[in-house]
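Below are the chains, spelled out letter by letter.
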Number of protein chains: 4
Amino acid sequence: MSNKRRVAILGATGAVGQRYIQLLQKHPWFEISVLAASDRSAGKKFKDAVTWLMETELPKEIGEMPITHIDVKSAEQTGDFDLVFTSLPSDLAGPTENEFGAHYPVFSKASVHRMDKDVPLIIPEINPDHIELVKVQQKKRNWKGFITTDPNCGTIGMTLTLKPLMQFGIQQVMVTTMQALSGAGYPGVSAIDIIDNVVPYISGEEEKIESEALKILGSFNGATVDYAKFQLSASCNRVNVKDGHLESIFVKLDKEPPLEKIIDVFTQFKGEPQKLNLPSAPAQPLIVRHEKNRPQPRYDRDAGQGQSVVVGRLRKDPIMTLKYTCLSHNTIRGAAGGGILSAELYVAKGLA
Amino acid sequence: MSNKRRVAILGATGAVGQRYIQLLQKHPWFEISVLAASDRSAGKKFKDAVTWLMETELPKEIGEMPITHIDVKSAEQTGDFDLVFTSLPSDLAGPTENEFGAHYPVFSKASVHRMDKDVPLIIPEINPDHIELVKVQQKKRNWKGFITTDPNCGTIGMTLTLKPLMQFGIQQVMVTTMQALSGAGYPGVSAIDIIDNVVPYISGEEEKIESEALKILGSFNGATVDYAKFQLSASCNRVNVKDGHLESIFVKLDKEPPLEKIIDVFTQFKGEPQKLNLPSAPAQPLIVRHEKNRPQPRYDRDAGQGQSVVVGRLRKDPIMTLKYTCLSHNTIRGAAGGGILSAELYVAKGLA
Amino acid sequence: MSNKRRVAILGATGAVGQRYIQLLQKHPWFEISVLAASDRSAGKKFKDAVTWLMETELPKEIGEMPITHIDVKSAEQTGDFDLVFTSLPSDLAGPTENEFGAHYPVFSKASVHRMDKDVPLIIPEINPDHIELVKVQQKKRNWKGFITTDPNCGTIGMTLTLKPLMQFGIQQVMVTTMQALSGAGYPGVSAIDIIDNVVPYISGEEEKIESEALKILGSFNGATVDYAKFQLSASCNRVNVKDGHLESIFVKLDKEPPLEKIIDVFTQFKGEPQKLNLPSAPAQPLIVRHEKNRPQPRYDRDAGQGQSVVVGRLRKDPIMTLKYTCLSHNTIRGAAGGGILSAELYVAKGLA
Amino acid sequence: MSNKRRVAILGATGAVGQRYIQLLQKHPWFEISVLAASDRSAGKKFKDAVTWLMETELPKEIGEMPITHIDVKSAEQTGDFDLVFTSLPSDLAGPTENEFGAHYPVFSKASVHRMDKDVPLIIPEINPDHIELVKVQQKKRNWKGFITTDPNCGTIGMTLTLKPLMQFGIQQVMVTTMQALSGAGYPGVSAIDIIDNVVPYISGEEEKIESEALKILGSFNGATVDYAKFQLSASCNRVNVKDGHLESIFVKLDKEPPLEKIIDVFTQFKGEPQKLNLPSAPAQPLIVRHEKNRPQPRYDRDAGQGQSVVVGRLRKDPIMTLKYTCLSHNTIRGAAGGGILSAELYVAKGLA
């Protein structure tokens, strides 16, 4: 028997759940033990319940696994597990993650607990020290497990680019997103709504981007997170792209570093995952492209196995200080890949 | 014989030229007399030279018309004409428009002369008084005709929304565009480049948007145009949409009018074309949509026969004052439709 | 008050229901009296229940109309009506159309009753005499009303092209379809499933095409329909097109008429709707295009207000006799437009 | 120094040329020595001349390579090479391939020489013995080198599925293709032409499919190829898909084997490349999918590294014997991948 950590995936049949399954194949530290999904799917074999959306094949042994109901008792009856990845709708995520969190480390992609005071919101390269907040949480809630969260898929790319800019004093950030279809789950957006079209609205997205970045870039004082102080404004759009959120960003800084300096701090940027050499850490969290028309979703979303954020079109802004465009893979770095990287960090730090 | 003004179209086989032809069918004031195009097409019947891109049929009598070379002598040999619409590549537009402008009123969609000191850059609802600048031009150049220009297709929608905001004191404008394929002409963008993709760059577009709006919103002092004083920053993207440029706009104003007031000034906004009841003037230059997910290119581009700009998602901005999204049809209002409306204004004012 | 016939639309909020509403605006013979939809929508105003998908605006007075439940009693309490258009899911259509058909003329787009022995399956240009079958139906069922049906959207274009070929003796027909998204209703196909893709399967579609054409092209003997005798094989695909079903057709005939003769019989083809000058009848049911690369969905789907079928690429086939490509607008001629044309025929013939 | 065979690529900057470069990275037998392209590119570094279209990065050392003119002398001055891959426009391919073929083995993707009597047209799994035809060619032409050709990208998938059906006696084949954008090269299809559209015509494609398959499936008698005798008819369409040609096929056989037997012969089908274990040979040339809605371009084009053909929707045909759908990657198996596999076969057989 392997001594890998055994993983339960809650919401396994969804688009993000499938991405977890895909990315955990041959993972050196984790192996899938339990697949849980809605009552409609529970009781079936995974292959009979899923509309498999990944371009790689559904692994045979995963296809044969039974799907269990999404509660601790059902999950425990199906198999032993050490930690939990969730990708559940918000209404379900609230109580369910509390139920599992009392006993197990829960790595959540749902938005419902992200802004809770005692719940970390983690991008491993940015705020690895925030994971200590789960100790506060465990103490306060008297839990053996915990809940830790990943940011919204639209938050992650932008926030990773902001981290190295913090040293120049960020005052204001304005972002217009062009987000991919897969960010809406499956079936998600109707083809009729998006063919020859852009939809300039994504429910709740702007509020998430505007609030989450400040928590992630804030500082953990041992008891709670002090939010970063700058201002953020977002305008979100859905475009006819399968994967890869593209964002036009304008940033006002205290200082006016030359562009070469910005390119340098982006390119040199590394975080704890790189130092710890975590299995899912990209060599470079930020990749700067120098072509005038990059990044582009189809060409750049898979950079660093989908874990790197690609930055381009860096230029002086006539009003703010800088403008640039960034791209991140919304279901890898922005969802399952980010969740796995976070779990790796907790494991490496002895917290999970 | 009709007493309509006879029109020559230079660049008649291109995407904008075709739109001119389509929109001038049954026009009450104008009739097409001369079609000119590149040497490759000249000498052929129009139907044999064109890849007709309009969803309406190529009018039979237009199809039978001969195509002439793009010079005054060739055009005059083909037929009489009173005014000229051009949609030529920039390198060709420069000398050609000068040649024709010496003798005829030239309504240009090319960028090359837009920022010339003695050349008006017109959006008829915004700066109808600027057309008087052609008198300065005629005097200075000793011309019988003149050159007047329409703005870039990405400039027009935004600038029309800015006009009624001028009363509240515009300080700063930041715009991220999601522009349609037809803005790149034909064949324009390769399908391979845009399928499942966004291209975050359009050559020269940001510079045009950032400069043109200030001229259009400036004031004519009888001799020259004093530019508007606010700051503009643009970030331009190409998306997989046939027609209709969508723009996310953030505006900082001196005052903070309530949103209802903004809606009101947008909705009430009318200009000279509406007062003069010009044939191509939309009843409302600006239409405000109240649904949370509009405007959308496919649904809103044809508002007001493609001559209205549709505004939506109007909301307070946490950094600037306002944010909103606007949409304009880039080959109607943004090109041929705008050119025709401009020509109607000149005619109504006795200048053409 | 008008003396138009009053119409109830069952399934009014669906994609086809909306098309009925759009096409019935300003109809000279019909006016909308009752809108019925699922229990989820019933009780609301139409504008509050619908996701309006038409590119034209939702008519204001329609938006204010109440939605009623889909049963005779509820519908009658909401308003008087003379005839009924249905576009319901098959399971619901079965009993509901029987309930309404006992009292009212029902024009059905559902597949469930199409092949019933005493139910006509009508394409007005092809088999107008089949409408007499409703008399058999009424007698047999002891009904005041009746059910009459329109074919599947994938059947109609092909079958209209086959009608004028019947004179040459059709032996075999093989058709590969490339069908539009709107044929799947709304929300229908997920954008994720069709971007950069084709789906080579549409549930039940091939069976419908293979059977329905033979009934439509059959002959009514006063009591029942004798099916046409030739063989049909279909292969159906979904492509990333909003509207317009494109079909590659191979036909084997008894005779080998020259292509000019085929073009001639297609172009000359007219039916009862043209003779009766019905309001929704296109001047030409079949339009032949001679360009080598037509018909194309985006350019040709609106021919004849969406009621014409466009044929192109007509050529000799090395195995069969002919091959050609045809296109029909699947939600106009293939759904609501076909239903209205059928109702016009019944009215003109005194049967509704 | 390596003892790999050195390769010259003629037409290196084109879409197929780029695919050759991509697929030859780390190839065990071949290494790129010379890149030749049109006069417009010649003299530049490859990276400065190419619009790189592959989703993988342009290899750095390739980017630095000089581009030479497309003639033997220029190529020889640039570097030594042992064999030549060409992907040139037809007009250029004719004389150029003759010039190189006199001295070197030329593996051609152009159509111009495919049907020449002494030129093999090779799909390595189908007709590996036809490669002996180059000896006839060399003798007749008194050449040291030779020209061998790969079929049209639309021919290959279908023909690979037909090979194992030959044992049941093929009488007739009708195919309707839905072909990908990349088949048209770069820039190829304008995005404006294909958005929300299908183009039912590809110049010359039907003729190629109808003729080439018969040569490939024919038999080599030691002097020439006796064509296969069955009949073929094709109808070709361009759809909005990046890569992957999908084909609806109807086949009439002498025998009527049960479907299980067909599945079996497809699945078991292997050819010389599998027996010889050639580096680019897929384990299975034909993969049968049993889901009702496969193959689909986006999911299945990369099967077997893009070298396998995926077959699905196998069913009895009411007119012919069978119908099914197949998919092949048009720029891998259908172009560069097929060319490399062919070269491997020649090398393994001692002919190159």
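What you see is a predicted model, and the numbers here were worked out from it, not measured in a lab. (Residues numbered from 1 in each chain as written. Chains lettered and ligands numbered in written order. Predicted model: local features only at pLDDT ≥ 70, side-chain atom pairs only at ≥ 80, totals over all residues.)

**Observations concerning the sheet that holds strand β7 (residues 170-179) of chain B**
All names here are of chain B. Strand order in the open sheet formed by six strands is β10-β7-β11-β14-β13-β12, and the pairing between neighbours is mixed. Each of the sheet's edge strands pairs with one partner strand only, and the pair in question is β10 (231-238) and β12 (286-288). Each strand of the sheet is rotated relative to its neighbour by a mean of 25 degrees, with strand direction disregarded. Pairing of strand β11 (residues 245-253) with strand β14 (residues 322-328), which is carried by seven bridges, proceeds in the antiparallel orientation. Across the sheet, the residue bridging to serine 248 is threonine 325, located in β14. Sheet contacts for helix α7 (residues 153-162): β7, β10, β11, β12, β13 (309-316) and β14; angle to β11, the most-contacted strand, approximately 40 degrees. (Pairing = 2+ DSSP bridges. Helix = DSSP H or I, 4+ residues; strand = E, 2+ residues; numbered from the N terminus. Axes fitted to C-alpha atoms, helices over the stretch in contact; angles between N-to-C directions. Contact = placed C-beta atoms within 7 Å.)

**Focus: the domain arrangement of chain A**
The extent of an interface is frequently quoted as the accessible surface area lost upon association of the parts. All names here are of chain A. In terms of domains, chain A is made up of domain 1 (5-152 + 336-348) and domain 2 (154-329). Computed from C-alpha atoms alone, the centre-to-centre distance between domain 1 and domain 2 is 24 Å. Domain 1 puts 32 residues into the contact, and the matching count from domain 2 is 31 residues. For the side of domain 1 that touches domain 2, the secondary-structure elements that each account for two or more residues are α6 (133-141) and α13 (332-348). By residue number, the principal contributor to the side of domain 1 that touches domain 2 is α13, which donates seven residues. (Domains from an automatic or database assignment.)

**Re the sheet that holds strand β1 (residues 5-10) of chain A**
All names here are of chain A. Pairing is parallel in the open sheet, where six strands are placed in the order β3-β2-β1-β4-β5-β6. With partners counted over all chains shown, the strands left at the sheet margins are β3 (67-68) and β6 (146-149), one partner each. The sheet contact formed by strand β2 (residues 30-36) and β3 spans two bridges and is parallel. Its bridge partner being in β3, leucine 35 is matched across the sheet by isoleucine 67.

**Quick notes on the interface of chain A and chain C**
On the chain C side, the residues contacting the 15 residues of chain A number 15 residues. When grouped by side-chain class, the residues that make up the side of chain A that touches chain C number nine nonpolar, four polar and two charged. (Nonpolar A, V, L, I, M, F, W, Y, C, P; charged D, E, K, R; others polar.)

**Focus on the interface of chain D and chain C**
Between chain D and chain C, the contact holds 34 residues from the first and 34 residues from the second. Sorting the residues of the side of chain D that touches chain C by element identifies β7 (170-179), β10 (231-238), β11 (245-253), α12 (297-300) and β14 (322-328) of chain D as the ones contributing at least two each.

**Observations regarding the relation of the copies chain D and chain C**
Superposition of chain D onto chain C requires a rotation of 180 degrees combined with a translation of 0.0 Å along the rotation axis, giving an RMSD of 0.0 Å. Given the turn and translation reported, the copies of this chain are related as if by a two-fold rotation axis. Take the interface residues of chain D: 100% of them recur as interface residues in chain C, which is what a same-surface contact looks like. (Least-squares fit on C-alpha atoms with pLDDT ≥ 70 in both.)

**Notes on the relation of the copies chain A and chain C**
Each of the two chain copies can be generated from the other by rotation about an axis followed by a shift along it. Once turned by 180 degrees and shifted 0.1 Å along the axis, chain A lies on chain C with an RMSD of 0.0 Å. Of all interface residues in chain A, 100% are interface residues in chain C too; the two copies therefore contact each other through one and the same surface.

**Here we look at the environment of isoleucine 192 of chain D**
By secondary structure assignment, the location of isoleucine 192 of chain D is in helix α8 (residues 191-194). Residue isoleucine 192 of chain D is classed as buried on the basis of its 24 C-beta neighbours within 10 Å. With sequence-adjacent residues up to four places away left out, isoleucine 192 of chain D is seen in contact with Leu53, Leu181, Ser182, Tyr186, Gly188 and Lys242 of chain B. (Buried ≥ 20, exposed ≤ 12 C-beta atoms within 10 Å, placed from the backbone.)

**Describing the environment of valine 265 of chain A**
The residue valine 265 of chain A is located in helix α10 (residues 259-268) in this model. The sequence separation of valine 265 of chain A and leucine 165 of chain A amounts to 100 residues, and the corresponding C-alpha distance is 7.8 Å.

**Observations regarding the pairing of β7 of chain B**
Residue and element names in this part refer to chain B. Across the 10 residues of β7, eight count as buried, placing the element largely inside the fold. Relative to β11, β7 is paired through eight bridges, and the arrangement is antiparallel. Within β11, the position partnered with isoleucine 170 by the bridge is leucine 253. In this sheet, β10 lies alongside β7 in parallel orientation, the contact comprising eight bridges. Residue pairing across strands places methionine 178 opposite asparagine 237, the latter belonging to β10.

**Description of the confidence of the model for chain A**
Per-residue confidence for chain A averages 97 on the pLDDT scale, and 99% of its residues sit at or above 70. Across the whole predicted complex the pTM is 0.96, and at the interface the ipTM reaches 0.96. (pLDDT = per-residue confidence, 0-100.)

**Some points on helix α5 (residues 90-101) of chain A**
All names here are of chain A. For α5, spanning 12 residues, the distance from its first C-alpha to its last is 16 Å, which sits close to the expected 16 Å at 1.5 Å a residue. Among all positions in α5, only Ala93, Thr96, Glu97, Phe100 and Gly101 are buried. Angularly, the buried residues of α5 cover 125 degrees about the axis, an arc narrow enough to put them on a single face. Across from the buried face of α5, at angles greater than 90 degrees, the exposed residues are Asp91 and Pro95. Its buried side turned inward, α5 meets β1, α4 (72-78), β4 (83-86), β5 (105-108) and β6. (Expected span 1.5 Å × (residues − 1). Arc of directions from axis to C-beta.)

**Brief notes about helix α6 (residues 133-141) of chain D**
Residues and elements named next belong to chain D. The set of residues buried in α6 consists of Leu133, Val134 and Gln137. Take α6 and look down its axis: the buried residues cluster within an arc of 100 degrees, on one side only. Looking at the buried positions of α6, the neighbouring elements they touch are β6 (146-149), β8 (219-220) and β9 (225-226). Just downstream of α6, asparagine 142 is the residue with a positive phi angle, here 60 degrees.

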